[in-house]
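Report on the structure
These are the residues of each chain, in order.
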Amino acid sequence: MADIDKLIRETLKGDKLAVSRLISVVERGHAQTPYILEKIYPHSGNAYYIGVTGPPGSGKSTTVDRLVKMLCSNNYSVGVIAVDPCSPFSGGALLGDRIRMNKRKSEWDVFFRSMSAGKIMGGLARTTKESSRILDASGKQIIVIETVGVGQSELDIAQATDTVVVILTPESGDNVQLMKAGLLEIADIFVVNKADRPGAENISMSIEAMLDRQRGKLEWRPPVLLTSASLGKGIEELYAEIWRHADYLRQDDKLKERRKSQLKGELKQRIESEIVNTLWQKIRDDADIDELVNDIWEQKIDPQSAAGKVVRRCLKD
Ligand SMILES: Nc1nc2c(ncn2[C@@H]2O[C@H](COP(=O)(O)OP(=O)(O)OP(=O)(O)O)[C@@H](O)[C@H]2O)c(=O)[nH]1
Ligand SMILES: [Mg+2]
């Protein structure tokens, strides 16, 4: 525990090596994770969280790279987490290298972390949240989280960040697909990247048309930007729109409400897993699962009734 306490102290002072080690401990789902999170939490909540999501290869890492450079040259300290749900070789590693190669790097306060699902115990959403809290508590002013927008991950990013940037490309296909992907609901800012390719205007117009149909329902109408991240075009506009959204959230306690509703979601998830773990522990102690399996096998009882019986008996005492 002494080691962990030292690591926590150094993390809170902003020591990069300590931050990196502490994230690794949490990432592996080490037994001391709850202790670490308890000590870290009171020091978090000061950073602004930016989420960047979109289909594979849409230019997220390239955009994040550009954004981070702009943030750093405006003297912000930045923490970046790039989540790769499938491959262990994320584009994120490249991002780190690209930033490292920049000659002005020594003046910059940036921490980069790439995570692949394979290494993570207990779910990407949990680890992303916990790692970003560590970065936040270490004093980073801006946290950027990159995830590929497939399946659950885009909902996770909306649960973990203040401003969500959804990056699409001219190849992103028709808008029906976008709706299905659930990216529409979570976007605070739309970016049509690779605008140097044909079709960018079209996709931008169909997003605008979709937003038009929602008119009245939207308190914040997400802007639709055209960028060409690899050429550095449109990034200044994106930067400005992120801050415009941040300003919008800071009015009338909107940011507070957004974060509280995220905390509610997190609390619910954590209660659920607490219930499952605690009950399972007790059920394993009380009930003879193998015997019950035999009863089910011999058709003395059906699986659903057996489950109900076990849980009710466990809750009674
Ligand atoms: N033509 C063009 N290519 C781009 C642009 N932005 C990025 N690319 C290229 O698109 C490819 C994917 O870029 P990344 O930034 O790695 O995309 P990503 O969304 O992070 O990819 P994953 O993390 O693998 O999902 C790279 O080859 C980039 O150089 C752009 O504006 N125009
Ligand atoms: Mg990437």
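Per chain, residue numbering runs from 1 following the sequence as it is written. Chain letters start at A and ligand numbers start at 1, both assigned in the order the entries are written. Local features in this predicted model are restricted to residues whose pLDDT is 70 or higher, and side-chain atom pairs enter the listing and the counts only when it is 80 or higher, whereas totals over whole chains, interfaces and linings include all residues. With hydrogens and water set aside, each side-chain value is computed from the structure's full complement of heavy atoms.

1. Digging into the overall build of the protein
- Each helix and strand counted, the protein has 14 helices and 7 strands in total.
- Burial here depends on accessible area, computed with a 1.4 Å probe over protein chains only, as a share of the maximum for the residue type. Under 20% is buried, over 50% is exposed, and the range in between is partly exposed. A burial count over the protein gives 45% of its 317 residues as buried.
- Put simply, of all contacts in the protein between residues at least 6 apart along the chain, 77% involve residues at least 24 apart.
- When the accessible surface of the protein is split by element, carbon and sulfur atoms take 53% of a total near 17000 Å². Strands are runs of DSSP state E lasting at least 2 residues, helices are runs of H or I lasting at least 4, and numbering of each runs from the N terminus. Note on contacts: a residue pair is in contact if any heavy atoms of the two residues lie within 4.5 Å. Reported accessibility uses the Shrake-Rupley method at a 1.4 Å probe radius. Residues are deemed covered only where the shown protein chains occlude them.

2. Some points on the coordination of the magnesium ion (ligand 2)
- The magnesium ion (ligand 2) binds to the protein through S61 (OG) and E146 (OE), with metal-donor distances spanning 2.1 to 2.2 Å. Residue S61 is located in helix α4 (residues 60-73), and its partner E146 is located in strand β4 (residues 142-148); the two are separated by 85 residues in the primary sequence. Each of the two residues, S61 as well as E146, counts as buried. Think of the donor list as every N, O and S atom within 2.8 Å of the metal, or within 3.2 Å for Na, K and Ca; water never makes the list, so a site can look incomplete.

3. Notes on the pattern of salt bridges
- Salt bridges, as used here, are contacts in which a Lys or Arg side-chain nitrogen is within 4 Å of a carboxyl oxygen on Asp or Glu. As enumerated under the stated definition, the model contains 21 salt bridges in all.
- Here R270 and E130 are joined by a salt bridge, their closest N and O atoms 2.9 Å apart. Here E130 lies in helix α6 (residues 124-137) and R270 lies in helix α12 (residues 254-286), a separation of 140 residues in the sequence.
- Overall, the relative accessible area of 1% leaves E130 in the buried class.
- Here D247 makes a salt bridge to R250, at a shortest N to O gap of 3.9 Å. Separated by 3 residues within a single helix, D247 and R250 lie in helix α11 (residues 235-250), roughly one turn from each other.
- Connected through salt bridges with shared partners, the residues R126, K129, E130, R133, E266 and R270 form a single ionic network.

4. A word on the site of ligand 1
- Proximity is defined per residue: if any heavy atom of the residue lies within 4 Å of a molecule or strand, that residue is considered near it. Looking at ligand 1, there are 16 residues lining it, with G57, K60, S61, T62 and D196 nearest.
- We call two N or O atoms a polar contact when they sit within 3.5 Å, provided that within protein one can donate a hydrogen and the other can accept it, with sequence-adjacent residues counted only if both atoms are side-chain atoms. Here G57 contributes a backbone N or O atom positioned 2.9 Å from an oxygen atom of ligand 1.
- Coverage of ligand 1 by the protein amounts to 70% of the 660 Å² it exposes when considered alone.
- When residues of the shell around ligand 1 are traced back to their parent elements, those giving at least two are α4 and β4.
- In terms of residue count, the dominant contributor to the shell around ligand 1 is α4 (3 residues).
- Residues are grouped as follows: nonpolar covers Ala, Val, Leu, Ile, Met, Phe, Trp, Tyr, Cys and Pro; charged covers Asp, Glu, Lys and Arg; every other residue, Gly included, is treated as polar. Here the shell around ligand 1 is composed, by residue class, of 3 nonpolar, 8 polar and 5 charged.

5. Digging into the side chain of S204
- Checked against the element boundaries, S204 lands in helix α10 (residues 200-213).
- If we skip the residues at most four places from it in the chain, S204 touches V192, V224 and L226.

6. What about the nonpolar core?
- Core analysis: the biggest nonpolar cluster contains 38 residues, and I36, V166, F190 and I207 have the highest contact counts within it.
- Take this core: its biggest share by element is 6 residues, from helix α2 (residues 16-27).
- Once residues lying within four places of it in the same chain are set aside, the contact partners of V166 are T53, L183, I186, A187, I189, F190 and V191.
- Counting residues in each nonpolar core, the second largest holds 31 residues, with V52, V68, V191 and L255 among its members. Working definition of a nonpolar core: buried Ala, Val, Leu, Ile, Met, Phe, Trp, Tyr and Cys residues. They are joined through side-chain atoms within 4.5 Å.

7. Here's the deal with the packing of aromatic side chains
- Ring geometry is summarised as follows: Phe, Tyr and Trp rings, the Trp one being its six-membered ring, pair when their centres sit within 6.5 Å, and such pairs are stacked at plane angles under 30 degrees, edge-to-face over 60 and tilted between the two. All told, the structure shown has 4 aromatic pairs when counted by the stated rule.
- The interplanar angle of 45 degrees and the centroid separation of 5.9 Å between the aromatic rings of Y48 and W243 together place this pair among those described as tilted. Of this pair, Y48 sits in strand β1 (residues 48-54) while W243 sits in helix α11, placing them 195 residues apart in sequence. With respect to class, Y48 is no different from W243; both count as buried.
- Between W220 and Y248, the ring centres sit 5.0 Å apart and the planes meet at 40 degrees, which makes this aromatic pair tilted. Separated by 28 residues along the polypeptide, W220 in the loop between α10 and β7 (224-226) and Y248 in helix α11 bring together distant segments of the chain. Considered together, W220 and Y248 belong to a single accessibility category, that of buried residues.

8. Regarding α11
- End to end, α11 covers 23 Å across 16 residues, agreeing with the expected 22 Å (1.5 Å per residue, within 8%).
- For α11, the set of buried residues is I235, L238, Y239, E241, I242, W243, H245, A246, Y248 and L249.
- Just downstream of α11 lies D252, where phi reads positive at about 45 degrees. Working rule for helices: expected span equals 1.5 Å times residues minus one.

9. Let's talk about α12
- Taking 1.5 Å per residue as the helical rise, α12 with its 33 residues ought to reach 48 Å, and the 47 Å between its terminal C-alpha atoms agrees with that figure.
- Along α12, the residues that are buried comprise K254, L255, R258, Q262, E266 and I283.

10. A few points about the layout of surface pockets
- Taken as a whole, the largest pocket spans an internal volume of roughly 730 Å³.
- Computed over the protein atoms alone on a 1 Å grid, cavities are sets of points where a 1.4 Å probe fits but cannot get out and pockets are open sets with protein on both sides within 12 Å along at least five of seven lines; a residue lines them when it has an atom within 4 Å of a point. Considering the residues around the largest pocket, the lining is formed by 30 residues, among which R126, K129, E266, Q269 and R270 are closest to the centre.
- When residues of the lining of the largest pocket are traced back to their parent elements, those giving at least two are α3 (33-40), α6, β4, α7 (153-160) and α12.
- Looking at the lining of the largest pocket, the element that brings in the most residues is α12, giving 9 residues.
- Residue composition of the lining of the largest pocket, by class: 11 nonpolar, 11 polar and 8 charged.
- Composition of the lining of the largest pocket by domain shows at least three residues from each of domain 1 (2-253) and domain 2 (267-316).
- Grid points are joined across faces, edges and corners, and a volume is the space filled by probe spheres set on the points. Put simply, the second largest pocket is a space of about 360 Å³. Domain ranges listed in this record stem from an automatic or a database domain assignment.

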